[in-house]
Amino acid sequence: MKTAIITGASSGIGRATAEAFLNAGWQVGLIARRQDRLEEMVTQFDHAIALPGDVTNPEHMAQVFDRFAKQAGRLDVLFNNAGVFGPSATIDDISVEAFDAVMNVNLRGMFICARLAFAQMRSQSPQGGRIINNGSISAHTPRSNSLCYTTSKHAITGMTRSLSLDGRDLNIACGQIDIGNARSELVQDLILRAQEVDPKAPVMPTMDVADAARSVLHMAELPLEANVQFMTVMATQMPYIGRG
């Protein structure tokens, strides 16, 4: 049985992806802070393992990854997904504390989890595995008033490229999925923020979060001799190419 850890697994893209993996017969470790939601998923799926915790806590994450590896036997895939959007504002209205909070989750948290997954994949036998980082359309083309989020996602692209290079000789593949406007709690929050500013503003186009989840599963199920380095999956009508 293939094994995976998914961070941010209690809602949105993370939850949809966890359900897609579980329905495909994977054993999945579910990392998120909301333990009640994880336990709910465990009651629905035989091969789900609840791993409540905060991705920004390196000591606790080390315990979580070790627990999963011992229970599952190995780690084939990490979907490095947990993230937050942060303030919707221009830079002069963003506090240093708010900027740090987004970097702590979106960059430092993803570094912590990638580091632990890489070490596990390097040491296990047979050696290797796959790390899939959740980037964003904003890793390429930002939306307005998204400085914290956009900065973090540009950094994740650099992390993905470096991990791909460093893992090449260890049979550790790394890819990045850039998702645009899947109907998650994060996107719903952005829609509500826009409507508060302008109630007459058109609602942004979105897509079913399950479509993003299937895309992650496709990346994960490839043999290690093949890798999707970067994938973009997005709501067809959203302004990405030439986005203003």
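Keep in mind it's a predicted model, so treat the numbers as computed, not measured. (Residues numbered from 1 in each chain as written. Predicted model: local features only at pLDDT ≥ 70, side-chain atom pairs only at ≥ 80, totals over all residues. Heavy atoms only, no water.)

Remarks on the pattern of salt bridges
No. 1: On inspection of all chains with the given rule, the structure shows five salt bridges.
No. 2: For R15, the salt bridge is made with E40, and the minimal N-O distance between the two is 3.2 Å. Placement of the pair is R15 in helix 1 (residues 12–23) and E40 in helix 2 (residues 35–44), with a sequence separation of 25 residues.
No. 3: We classify R15 as buried; its relative accessible area is 16%.
No. 4: In this structure, D76 engages R74 in a salt bridge whose closest nitrogen and oxygen atoms are separated by 2.8 Å.
No. 5: Connected through salt bridges with shared partners, the residues R15, E19 and E40 form a single ionic network. (Salt bridge = Lys/Arg side-chain N within 4 Å of Asp/Glu carboxyl O. Helix = DSSP H or I, 4+ residues; strand = E, 2+ residues; numbered from the N terminus. Buried < 20%, exposed > 50% of the residue type's maximum accessible area, 1.4 Å probe, protein only.)

So, unusual backbone geometry
No. 1: Put simply, S125 and P126 share a cis peptide bond, and its omega is 0°.
No. 2: Looking at the secondary structure, you find P126 in the loop between helix 4 (96–123) and strand 5 (129–134).
No. 3: If you check the backbone angles, N145 has positive phi at about 55° while not being a glycine.
No. 4: With respect to the secondary-structure elements, N145 resides in the loop between strand 5 and helix 5 (147–167).
No. 5: Here the phi dihedral of N171 falls at roughly 65°; this positive angle occurs in a residue that is not glycine.
No. 6: Mapped onto the elements of the fold, N171 is located in the loop between helix 5 and strand 6 (172–180).

Some points on the state of the cysteines
No. 1: Tallied over the full model, the rule gives zero disulfides.
No. 2: Residue C174 stays outside any disulfide, its sulfur separated by 13 Å from that of C113, the closest cysteine.
No. 3: Take C174: its relative accessible area is 1%, and that puts it in the buried class. (Disulfide = S-S within 2.5 Å.)

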